[in-house]
Amino acid sequence: MTVSGRFITFEGIDGAGKTTHLDALEQAWRQAGREVVRTREPGGTPLAERLRGLFLHEAMDPLTEALLVFAGRRDHLRTVIEPALARGAWVLCDRFTDATFAYQGGGRGFDLTVLRTLESWVQAGRQPDLTLLFDLPPEVAAERLGAARQPDRFEALDTAFFERVRAGYRARLQQDPARFELIDATGTPQQVAERVHQALTRRGLA
Ligand code: TYD
């Protein structure tokens, strides 16, 4: 029998709160005795983390953004994600390719056909088993982020940008609804956690 892990990604606009729920799930699943690989994009390998620094802080055009993020993704898939799935681990990834379609495609308006080509080259058919999409109005997300931290290049963008990112995420969901659970990310962290739990229960993953 071939073992196969689960590949679960967490998506949403900046300030949606996905990382809080990722932390909780990581802890719960480790306690349940599962091998959990917690990772993120951009990043997840020494090379891809170096690319992340450039990606988040240097000015560049959208094609360069897309090429950098897919270059990191290639390294991440080959050296971390695929080996983990092959040994039966549960891979929890904070953002993946849907973010590229939402931010570079939706937010920046970059050509989706090029993104689809890069996706097929880099992923060779690999897609997450499940994507939790944390959805909320950009105004609410902006309030949550507040002025507390130094924003990166993306967090500094305006509400109109995040409306386009949100629409980009929803378009991805419509193209492959079976892969997604849309989580209403408004309300308290406890309310959102309950919605995450219900979604995972529906998927037989709780
Ligand atoms: P994230 O790790 O969520 O930031 P933080 O550590 O501040 O919570 O994501 C970093 C930023 O990169 C985020 O604004 C979204 C953006 N991004 C893209 O534009 N394209 C991509 O393909 C990915 C994965 C992220």
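Residues numbered from 1 in each chain as written. Predicted model: local features only at pLDDT ≥ 70, side-chain atom pairs only at ≥ 80, totals over all residues. Heavy atoms only, no water.

A.B. asks: Would you mind going over the packing of aromatic side chains with me for this structure?
C.D. replies: Tallying each qualifying case throughout the model produces nine aromatic pairs. For the ring pair Phe7 and Phe96, a centre distance of 5.0 Å and an interplane angle of 80° mean the geometry is edge-to-face. Of this pair, Phe7 sits in strand S1 (residues 6-12) while Phe96 sits in the loop between strand S3 (90-94) and helix H4 (97-107), and the two are 89 residues apart along the sequence. This pair shows no difference in class: Phe7 is buried, exactly as Phe96 is. Between Phe10 and Phe134 the ring centres are 6.4 Å apart and the planes differ by 15°, which places this aromatic pair in the stacked class. Remark: Phe134 occurs in strand S4 (residues 130-135) and Phe10 occurs in strand S1; sequence separation between them is 124 residues. Residue classification places Phe134 among the buried positions, given a relative accessible area of 1%. Taken together through their ring pairs, the aromatic side chains of Phe55, Tyr103, Phe154, Phe161, Phe162 and Tyr169 make up a single cluster. (Phe/Tyr/Trp six-rings, centres within 6.5 Å; stacked < 30°, edge-to-face > 60°. Helix = DSSP H or I, 4+ residues; strand = E, 2+ residues; numbered from the N terminus. Buried < 20%, exposed > 50% of the residue type's maximum accessible area, 1.4 Å probe, protein only.)

A.B. asks: Looking at this structure, how should I read the site of the ligand?
C.D. replies: Taken together, 18 residues lie near the ligand, and Asp14, Arg95, Thr100, Gln104 and Glu155 sit nearest. Here Glu155 contributes a side-chain N or O atom positioned 2.8 Å from an oxygen atom of the ligand. Protein contacts shield 90% of the accessible area of the ligand, which totals 560 Å² for the unbound molecule. If you map the ligand onto the pockets, it falls in the largest pocket. Within the residue set of the shell around the ligand, elements represented by two or more residues are helix H2 (46-57), helix H3 (62-86) and H4. A total of four residues in the shell around the ligand trace back to one element, the largest contributor, which is H4. (Near = heavy atom within 4 Å. Polar contact = N/O pair within 3.5 Å; in protein donor to acceptor, adjacent residues only side chain to side chain. Areas by Shrake-Rupley, 256 points an atom, 1.4 Å probe, with all protein chains shown as cover. 1 Å grid on protein atoms, 1.4 Å probe; cavity = no way out; pocket = protein on both sides within 12 Å on 5 of 7 lines; lining within 4 Å. Sits in = over half its atoms within 2 Å of the grid points.)

A.B. asks: Could you clarify how one ought to interpret the pattern of salt bridges in this entry?
C.D. replies: For side chains of opposite charge, pairing can occur when their charged atoms come near one another. Scanning the entire structure with this criterion turns up 20 salt bridges. Note that Glu181 and Arg202 form a salt bridge whose closest N and O atoms lie 2.8 Å from each other. Remark: Arg202 occurs in helix H8 (residues 189-202) and Glu181 occurs in strand S5 (residues 180-184); sequence separation between them is 21 residues. Classification of Glu181 as buried rests on a relative accessible area of 9%. In this structure, the salt-bridge partner of Arg203 is Glu181, at a minimum N-O distance of 2.8 Å. With a gap of 22 residues between them, Arg203 in the segment after H8 and Glu181 in strand S5 connect regions that are remote in the sequence. (Salt bridge = Lys/Arg side-chain N within 4 Å of Asp/Glu carboxyl O.)

A.B. asks: When you look at the nonpolar core in this model, what are you seeing that I'm missing?
C.D. replies: Side chains of nonpolar character tend, in soluble globular proteins, to be buried together. With 55 residues, the main nonpolar core has Ile8, Phe10, Trp29, Tyr103, Phe134 and Val165 as its most contacted residues. The contacts of Ile8, once residues within four sequence positions are left out, are Trp29, Trp90, Val91, Leu92, Cys93, Leu130 and Leu205. (Core = buried A, V, L, I, M, F, W, Y, C linked by side-chain atoms within 4.5 Å. Contact = heavy atoms within 4.5 Å.)

A.B. asks: Quick question: what am I supposed to make of unusual backbone geometry here?
C.D. replies: Of all residues except glycine, most have a negative phi; of all peptide bonds, most are trans. Each neighbour pair has its own omega, and for Glu41 with Pro42 the value is -10°, a cis peptide bond. Of note, Pro42 is situated in the loop between strand S2 (36-40) and H2. Despite not being glycine, Arg95 shows a phi value in the positive range, around 75°. Tracing the sequence through the fold places Arg95 in the loop between S3 and H4. Classification of Arg95 as buried rests on a relative accessible area of 12%.

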